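The lines below spell out each chain.
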Amino acid sequence: MDPQRDRLLPGKRVLPTANSQFVAIAPELGLIFLFIALVSCAPFLVGLWYGETGLLLPMASAPAGFGIIGIWLAGIPKVEGEARLSAALSAVALIWFAAALIGALPYTFGLGLPYTDSVFEAMSGWTGTGFSLLPSVDTTPKMLLFWRSLTQWMGGLGIVAFSIALAGRSGLTRFRLYRAEGRSETFMPSVVATGFEMWRIYLVLTALGVGLVLLSGIPLWDAVNIVMTAISTGGFAVHTAGILYYNSPLLEMLIVPVMIAGALPFKLYFLLYYKRRFGFLTDRQAILLFALILAGCAVVTFDLATISSLAPAEALRQGIFMTVSGITCTGFQNADPRSWYATTVMALTVLMLIGGSAGSTAGGIKLGRVILGLELLRWWFLRLQAGRRAITPLRHDGRAILEHLPEYEVSKSMLVAVLFILVVAVATLLLLHLAPQGGFDSADVVFEVVSAVSNVGISTGFVNPGMSPAAKWLFIIVMWAGRLEIVPVIALAAGASRRLEHAVFR
């Protein structure tokens, strides 16, 4: 619960029972699914333009599925009161999982892809991961390719954030849904206004990115899809070979600033436009992002030139592109990490786990938490030197946090970091038992799991259509949990287990 927020909205009461919680939140969920259904009709325009009329019916399965669920939920009469934070967390986890289950239908009906593979593809799309199990991207109809790009573009900022911005109504329940999706930025008075501004910024960045990438000479269709998945730090491509299909160093260097733009805090764009403040060189997350990019490029390039004996120009090309793609959690590749030495792969793994900025489209633990962790270390050393009777404030974002709040603020952020590491450890152990090695060692498995939980998508080839169904579902869960920063998925599982226990032992 959020008692402080509750006090800001007098007259609102929190409903006690699980059924009441569902009834209170159901109309909001219905509205979200209806908006997803509306946007899911966009691929029809691509299908009509390219004459793929035979795929209109399979593609219609997605908006139809979202629409049916949305109408059912929106029709439930809302009771007075607001849902608890735990209900909002569980609801957001359900929304994202349902989006993957329904978003998979066009792949199954349109391509004949097994449903497990389709759910994997859809979850990879919505979460902005970029792993793909399509047999051949080159022969996939353009309508379905655009659906893949659209899911990454919508999922980049968040399904709930997108719907709240369009709905135009605020409230405690929507505030909690917004925060439960892993969003913390509130640079406008309400989450509705914040969501609206973020999507307006998102549209402008996408348009500017398309113009920039077109300078490389690639077709407009390719440029639109590449930028949609680059600004959302997703990584889906319209060719099986990915970015290497074009064999264009110029294109790769033009994509680099688009990936970085998606991994920077969107608040900086808001301040630049409305306040005329250029904060890209003063914001600590931006500074750390640029510093890690420079350090990562130097390390990876040096390793490729010396250990892997690549030509300096090729080492620099791979070093820059792969480093930026890794830390921004985009997932584009111009090299195969499996051909690299273990030290180089480890450096890239660390960057992927850290991820981009909070308040961006990037995944990972987030730079804001890394900064807070470093501030915590400094705070502890200051406390040790000052003595236990002295009051030592923890300085964060330029302000002092006194008394017991440092432990509270830090524990919230560090919990997510610890959970990320636990997910990597548990998923790796499970995969080593579920998936045959097939020439891959444990380091490859760790790399793939980090890529999945951080929603990156860079792969050594371990993720492939030949994996066992159990391994595919494990990756689906890891991508889902990583995108929502794990806590909502735990809340959903805990709530479900409590209801199951109550049903069995009542």
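Residues numbered from 1 in each chain as written. Predicted model: local features only at pLDDT ≥ 70, side-chain atom pairs only at ≥ 80, totals over all residues. Heavy atoms only, no water.

Would you take a moment to explain the overall build of the protein for this structure?
Secondary structure summary: the protein contains 22 helices and 2 strands in total. As presented, the protein carries roughly 21,600 Å² of accessible surface, and 68% of it is formed by carbon and sulfur atoms. (Helix = DSSP H or I, 4+ residues; strand = E, 2+ residues; numbered from the N terminus. Areas by Shrake-Rupley, 256 points an atom, 1.4 Å probe, with all protein chains shown as cover.)

Hey, could you run me through unusual backbone geometry in this one?
Phi is mostly negative for residues that are not glycine, and the peptide bonds are mostly trans. Phi at Thr 233 takes a positive value of approximately 50 degrees, unusual for a residue other than glycine. With respect to the helices and strands, Thr 233 occurs in the loop between helix H12 (220-231) and helix H13 (249-263). Residue Glu 485 is not a glycine yet carries a positive backbone phi of 60 degrees. Structurally, the position occupied by Glu 485 is in the loop between helix H21 (469-483) and helix H22 (487-505).

Please explain the pattern of salt bridges as it appears in this structure.
It is possible for side chains of opposite charge to pair when their charged atoms get near one another. Under the definition given, this model contains 7 salt bridges. Between Glu 197 and Arg 200 there is a salt bridge whose closest N-O contact spans 2.8 Å. Taken together, the positions of Glu 197 and Arg 200, both in helix H11 (residues 191-213) and 3 residues apart, correspond to about one turn of that helix. Relative accessible area serves as the criterion here: at 7%, Glu 197 is assigned to the buried category. As a salt-bridge pair, Glu 314 and Arg 317 come within 3.8 Å of each other at their nearest N and O atoms. (Salt bridge = Lys/Arg side-chain N within 4 Å of Asp/Glu carboxyl O. Buried < 20%, exposed > 50% of the residue type's maximum accessible area, 1.4 Å probe, protein only.)

Can you walk me through the nonpolar core in this structure?
A general feature of soluble globular proteins is that nonpolar side chains tend to end up buried together. Residues Phe 66, Phe 120, Trp 126, Ile 255 and Phe 475 are the most contacted members of the largest nonpolar core, which totals 140 residues. Other than its neighbours up to four places away in sequence, Ile 255 contacts Val 213, Ile 226, Ala 230, Ile 243, Phe 321 and Phe 332. (Core = buried A, V, L, I, M, F, W, Y, C linked by side-chain atoms within 4.5 Å. Contact = heavy atoms within 4.5 Å.)

Quick question: what am I supposed to make of the packing of aromatic side chains here?
One pair of aromatic rings is described through two measures. These are the centre distance and the angle between the planes. Per the counting criterion, the structure on display carries 16 aromatic pairs. Between Phe 33 and Phe 66 the ring centres are 6.3 Å apart and the planes differ by 25 degrees, which places this aromatic pair in the stacked class. You can see Phe 33 sitting in helix H2 (residues 18-39) and its partner Phe 66 sitting in helix H4 (residues 56-74), a full 33 residues away along the chain. Ring centres 5.5 Å apart and planes at 85 degrees place the aromatic pair Phe 266 and Tyr 269 in the edge-to-face group. Of the two residues, Phe 266 and Tyr 269 are both situated in helix H14 (residues 266-275); the distance of 3 residues between them amounts to about one turn of the helix. In this structure an aromatic cluster arises from ring pairing among Trp 153, Trp 199, Tyr 202, Phe 266, Tyr 269, Phe 278 and Phe 280. Here Arg 276 stacks its cationic end above the ring of Tyr 273, 5.8 Å away from the centre of that ring. (Phe/Tyr/Trp six-rings, centres within 6.5 Å; stacked < 30°, edge-to-face > 60°. Lys NZ or Arg CZ within 6 Å of the ring centre and 35° of its normal.)

Looking at this structure, I do not really get helix H16 (residues 312-327). What am I missing?
Side chains that are three or four residues apart share a direction in an α-helix, a result of its 3.6 residues per turn. The terminal C-alpha atoms of H16 lie 22 Å apart, and with 16 residues this matches the ideal 22 Å at 1.5 Å per residue to within 8%. The set of residues buried in H16 consists of Ala 315, Arg 317, Gln 318, Gly 319, Phe 321, Met 322, Thr 323, Val 324, Ser 325, Gly 326 and Ile 327. Buried-residue contacts for H16 involve H13, helix H15 (284-306) and helix H17 (342-354). Of the residues one or two after H16, Cys 329 is the one with positive phi, at around 65 degrees. (Expected span 1.5 Å × (residues − 1).)

Looking at this structure, I do not really get the packing of H15 against H17. What am I missing?
Angle between the axes and distance between the axes are the two parameters that describe a pair of packed helices. Direction vectors running N to C along H15 and H17 enclose 160 degrees, while the axes themselves pass 9 Å from each other. Between H15 and H17, the angle falls in the class roughly antiparallel. The handedness of the crossing between H15 and H17 is left-handed. Between H15, through Leu 292, Gly 296, Val 299, Val 300, Asp 303 and Leu 304, and H17, the contact on the second element is made entirely by Thr 343, Thr 344, Ala 347, Leu 351 and Ile 354. (Axes fitted to C-alpha atoms, helices over the stretch in contact; angles between N-to-C directions. Parallel < 35°, antiparallel > 145°, perpendicular 65-115°, else oblique. Left-handed = near helix turned anticlockwise from the far one by under 90°.)

Looking at this structure, how should I read the side chain of Glu 52?
Among the secondary structure elements, Glu 52 is positioned in the loop between helix H3 (42-49) and H4. Among buried charged residues, Glu 52 stands out as having no salt bridge; its nearest opposite-charge side chain is Lys 142, 5.9 Å away. Glu 52 has contacts with Gly 47, Pro 141, Lys 142 and Met 143, leaving out every residue within four places of it along the chain. (Lys, Arg positive; Asp, Glu negative; His and termini not counted.)

Hey, could you run me through the environment of Ala 427 in this one?
Within the fold, Ala 427 resides in helix H19 (residues 405-434). For the pair Ala 427 and Val 453, spaced 26 residues apart in sequence, the C-alpha to C-alpha distance is 9.6 Å. Excluding residues within four positions of it along the chain, Ala 427 makes contact with Val 449, Leu 474 and Val 478.

How should the environment of Val 426 be read in this particular structure?
In this fold, Val 426 is placed in helix H19. C-alpha of Val 426 to C-alpha of Val 449: the two residues are 23 residues apart in sequence and 9.8 Å apart in space.

What is the right way to read the environment of Gly 482 from this model?
Structurally, Gly 482 can be placed in helix H21. Sequence separation of Gly 482 and Asn 455 is 27 residues, and the distance between their C-alpha atoms is 6.7 Å. Setting aside chain neighbours within four positions, we find Gly 482 in contact with Phe 420, Val 453 and Asn 455.

Whenever I open this one, the packing of H3 against H4 confuses me. Can you help?
Direction vectors running N to C along H3 and H4 enclose 170 degrees, while the axes themselves pass 10 Å from each other. Classified by the angle their axes make, H3 and H4 are roughly antiparallel. Across from Pro 43, Phe 44 and Leu 48 in H3, the residues of H4 making contact are Leu 56, Met 59, Ala 60 and Pro 63. Per-class residue counts for the contact of H3 with H4 are 7 nonpolar, no polar and no charged. (Nonpolar A, V, L, I, M, F, W, Y, C, P; charged D, E, K, R; others polar.)

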